[in-house]
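# Descriptive structure summary
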Amino acid sequence: MASTTPIEIKTAIDQPGAVILDVRTKDEIDAAPFTKKPYKHATCSLDDCSELLERADELMPDKNAPVVIFCRSGRRAGKAKTILEERGYKTVLNAGGLGDINSLF
């Protein structure tokens, strides 16, 4: 898997229609909220991404718009990236963990 640079992630976030997607649990969000930009949420674990699968079309209706995903460390974001690419999303980037995406702002 090719690594995505912070510049690529920031460029994607700044594009019209881009979606920032947090796949952490609600408890993780409550403990450490992301406050830098508006984002959407759908929980995805390494074993269960059913919420993301059920809500993808609702949360990200434009499959051509960039989707930037993050979680706590980047592993679940990687799983979510694969799922969205399999569903036809064209530009999906794994921003890593909360600290990684926060460092872009």
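Shown above is the structure to which this text applies.
Here goes a summary of the coordinates provided. (Residues numbered from 1 in each chain as written. Predicted model: local features only at pLDDT ≥ 70, side-chain atom pairs only at ≥ 80, totals over all residues. Heavy atoms only, no water.)

### Side note on the state of the cysteines
Heads up, the rule is: Here, two cysteine sulfur atoms that lie within 2.5 Å of each other are counted as a disulfide. Type-normalised accessible area, obtained with a 1.4 Å probe on protein chains alone, sets the label of each residue: buried when under 20%, exposed when over 50%, and partly exposed for intermediate values.
This structure, assessed with the given rule, holds one disulfide. The partner cysteine of Cys44 in its disulfide is Cys49, sulfur to sulfur 1.8 Å. Taking the sign of the S-S torsion, about 50° here, the bridge from Cys44 to Cys49 comes out right-handed. Each member of the pair, Cys44 as well as Cys49, is classed as buried. Here Cys71 is not disulfide-linked; the sulfur of Cys44 is the nearest cysteine sulfur, at 8.7 Å.

### Here we look at the nonpolar core
Short version of the rule: By nonpolar core we mean a set of buried residues, namely Ala, Val, Leu, Ile, Met, Phe, Trp, Tyr and Cys, connected to one another through side-chain atoms within 4.5 Å.
Of all hydrophobic cores here, the largest spans 19 residues; its most connected members are Leu21, Leu52, Met60, Ile69 and Leu84. In terms of nonpolar packing, the next biggest core, distinct from the first, is built from twelve residues, Ile20, Phe34, Ala95 and Ile101 among them.

### Some words on the environment of Tyr39
Heads up, the condition is: Put simply, DSSP marks the helices as runs of H or I at least four residues long and the strands as runs of E at least two long, and each gets a number from the N terminus on. The contact criterion used throughout is that any non-hydrogen atoms of two residues lie within 4.5 Å.
Here Tyr39 lies in the loop between helix H2 (26-31) and strand S2 (40-41). Taking relative accessible area as the criterion, Tyr39 reaches 30% and is therefore assigned partly exposed. With 31 residues separating them along the chain, Tyr39 and Glu8 place their C-alpha atoms 18 Å apart. Beyond its immediate sequence surroundings of up to four residues, Tyr39 is in contact with Ile20, Asp22, Ile29 and Phe34.

### So, the packing of aromatic side chains
Note the threshold: For Phe, Tyr and Trp, rings pair up if their centres lie within 6.5 Å, where Trp contributes its six-membered ring, and each pair is then called stacked (planes under 30 degrees apart), edge-to-face (over 60) or tilted (otherwise).
Overall, the coordinates contain three aromatic pairs when judged by the stated rule. Between the aromatic rings of Phe34 and Phe70, the centroid separation amounts to 5.0 Å while the plane-to-plane angle is 55°, which identifies the pairing as tilted. Residue Phe34 is found in the loop between H2 and S2, and its partner Phe70 is found in strand S3 (residues 67-71); the two are separated by 36 residues along the sequence. With relative accessibility at 4%, the residue Phe34 sits in the buried group.

Geometry only, nothing functional implied.
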